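Chain residues, written in single-letter form:
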Amino acid sequence: MAANNYPPTLNRGRRSWLQLGLGAGALSLVPAALGAQQSSARIVIVGAGAAGLAIANRLSRALRGARLTLVGARQAHHYQPGFTLIASGLWQPHRVLTQTRDWLPADLQWIDADASAFDPQRRQVSLTSGQTLDYDLLVVASGCQLNYDEIEGMSADRVGRDGIGSVYAGPDKASATNAAFEELLRKGEGRALFTLCDTPLKCAGAPLKMTFTSLSRLEASGRRAAFDVGFVTPFEQQVFAVPVYNQFVLQRWQEQQLTLLDQRRLTAIDPGARQAQFTRPDGSHAVESYDYLHLVPPMSAPDVVRRSELAWQQGPFAGQWLEVDQYTLQHRRYPEIFGIGDVVGTPFGKTAASVKKQAPVVEQNILDYLAGREPSAHYNGYTSCPLITSIGRAMLAEFGYGGELMPTFPFISPTEESWAVWVMKEKMLQPAYYAMLEGRV
Ligand SMILES: Cc1cc2nc3c(=O)[nH]c(=O)nc-3n(C[C@H](O)[C@H](O)[C@H](O)COP(=O)(O)OP(=O)(O)OC[C@H]3O[C@@H](n4cnc5c(N)ncnc54)[C@H](O)[C@@H]3O)c2cc1C
């Protein structure tokens, strides 16, 4: 698939919403079997990652006549669930790389610039290219921002140097994380610390997976006893929000002689001295030395979202994440705006598997909105990740709002590790992910 030269929607005069609504409403009476819903809406999607591409492909199929514009500067598309495999020395970076243009539907205009400001009153998005786009409907799919700079002394370019690993900032950084860990393995002894941030994060299982694969590699080196391994969490005896998985992980780590340091948030590093400073809830500090440090940056919606009127105004996500209804994924104050993917401020939902469940909900609710109906589809918070428990074994963690377990397969227990789930993670999820980008699942 390739982008075409669909006429641009820049600064067109806004058409009457009534006209658009009535037109779409009348045409929505056409039987579904006859195909797509007619609409002349100008739809702007911000973010060309997993969520933006999935909803773009779905809307391209579901609507006839709508003008779809996708905004996102990144040329390369990253299959992020592969990052933990790269950082664990199992995959090469090229395995997670494709091009954004490869996933675009034919009837969509792609603008390879980023959004720089939102004006929801005027229904406009400004771009880093200097353009301004008018929209009738906006989908915000701009993912997570990695706030490394909130850790004093840290920046993304430090990953891979001075014993610092961090799996998040792209395939090259995942590879550099592996290189830093290999340095520890070569040394044959030392202290490895793994951290967790206190903000919501994408793939909350990733810090645990990195710890488990690293433990496997230390055990395989034959020198496990020469390494001191610790996990530092900001929370009290908690490393994962769903109790059954939290208990499993803490128990397993105890068996593996890992030390849990709790109620400590990483606030500063001194890379030269290989020391990390943690802050306790009472404001006091603790300094820990390390030979290898795997750190998780605090995360938020990108600045352009969190500093805009689109962000939550109050509550736990205030000023950090996109304000949407957690079930309909429609903005709570601007009904012509929807959110999807990591950017949304909902209790759960920051995995690609969540995007797979969110995309049909957002698609249906957009069709409803364009047809003048109330949103009819609900997202239940479904989140899933194959929680790698060692190299060669994993557990398919699947849950939703309230921490309810939501197993998909009757033959896979959501609380048991197996080789089959490892194979699923290593071999089967990537094709399923690409089918999701195409809007086919
Ligand atoms: C290490 C790691 C392991 C993971 N493991 C798993 C797993 O096992 N299973 C699973 O389901 N999920 C996993 N995930 C999570 C999954 O990759 C994300 O949840 C998913 O990519 C979310 O899609 P998204 O479109 O919201 O964000 P992204 O895919 O990150 O895309 C966001 C896009 O928005 C763009 N953007 C940012 N700012 C702007 C702007 N101002 N204007 C326009 N565009 C902008 C970005 O450049 C990017 O292209 C993992 C993630 C990581 C990092």
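Keep in mind that what you see is a predicted model, and the values were worked out from it rather than measured. (Residues numbered from 1 in each chain as written. Predicted model: local features only at pLDDT ≥ 70, side-chain atom pairs only at ≥ 80, totals over all residues.)

1. Observations concerning the nonpolar core
Then comes step 1: Counting 131 residues, the largest nonpolar core has I55 and I340 as the members making the most contacts within it.
Then comes step 2: A total of 10 residues in this core trace back to one element, the largest contributor, which is helix α8 (residues 352–370).
Then comes step 3: Each of two domains, domain 1 (17–144 + 301–370) and domain 2 (148–298), supplies a minimum of three residues to this core.
Then comes step 4: Residues contacting I55, with those up to four places away along its chain left out, are I45, V139, A141, I340, A359, V362 and E363. (Core = buried A, V, L, I, M, F, W, Y, C linked by C-beta atoms within 7 Å. Buried ≥ 20, exposed ≤ 12 C-beta atoms within 10 Å, placed from the backbone. Helix = DSSP H or I, 4+ residues; strand = E, 2+ residues; numbered from the N terminus. Domains from an automatic or database assignment. Contact = placed C-beta atoms within 7 Å.)

2. What about helix α2 (residues 50–62)?
Then comes step 1: Over its 13 residues, α2 extends 18 Å from the first C-alpha to the last, a length consistent with the 18 Å expected when each residue adds 1.5 Å.
Then comes step 2: Counting buried residues in α2 gives 12 out of 13 residues, a clear majority hidden from the surface.
Then comes step 3: Of all the positions in α2, only A50, A51, G52, L53, A54, I55, A56, N57, R58, L59, S60 and A62 are classed as buried. (Expected span 1.5 Å × (residues − 1).)

3. Describing the domain arrangement of the protein chain
Then comes step 1: Segmentation of the protein chain into domains returns domain 1 (17–144 + 301–370) and domain 2 (148–298).
Then comes step 2: Placing the centre of domain 1 and that of domain 2 at their C-alpha centroids yields a distance of 32 Å.
Then comes step 3: With 14 residues of domain 1 at the contact, the number on the domain 2 side is 17 residues.
Then comes step 4: Considering every element that reaches the side of domain 1 that touches domain 2, the biggest residue donor is helix α3 (residues 83–87), with four residues.
Then comes step 5: The class makeup of the residues in the side of domain 1 that touches domain 2 is seven nonpolar, five polar and two charged. (Nonpolar A, V, L, I, M, F, W, Y, C, P; charged D, E, K, R; others polar.)

4. Examining the site of the ligand
Then comes step 1: Taken together, 36 residues form the shell around the ligand, and within it G47, G49, Q80, G143 and G341 come nearest.
Then comes step 2: If you list the elements that add at least two residues to the shell around the ligand, you get α2, α3, α8 and β23 (383–390).
Then comes step 3: Considering only residue class, the shell around the ligand consists of 21 nonpolar, 10 polar and five charged.
Then comes step 4: Each of two domains, domain 1 (17–144 + 301–370) and domain 2 (148–298), supplies a minimum of three residues to the shell around the ligand. (Near = placed C-beta within 6 Å.)

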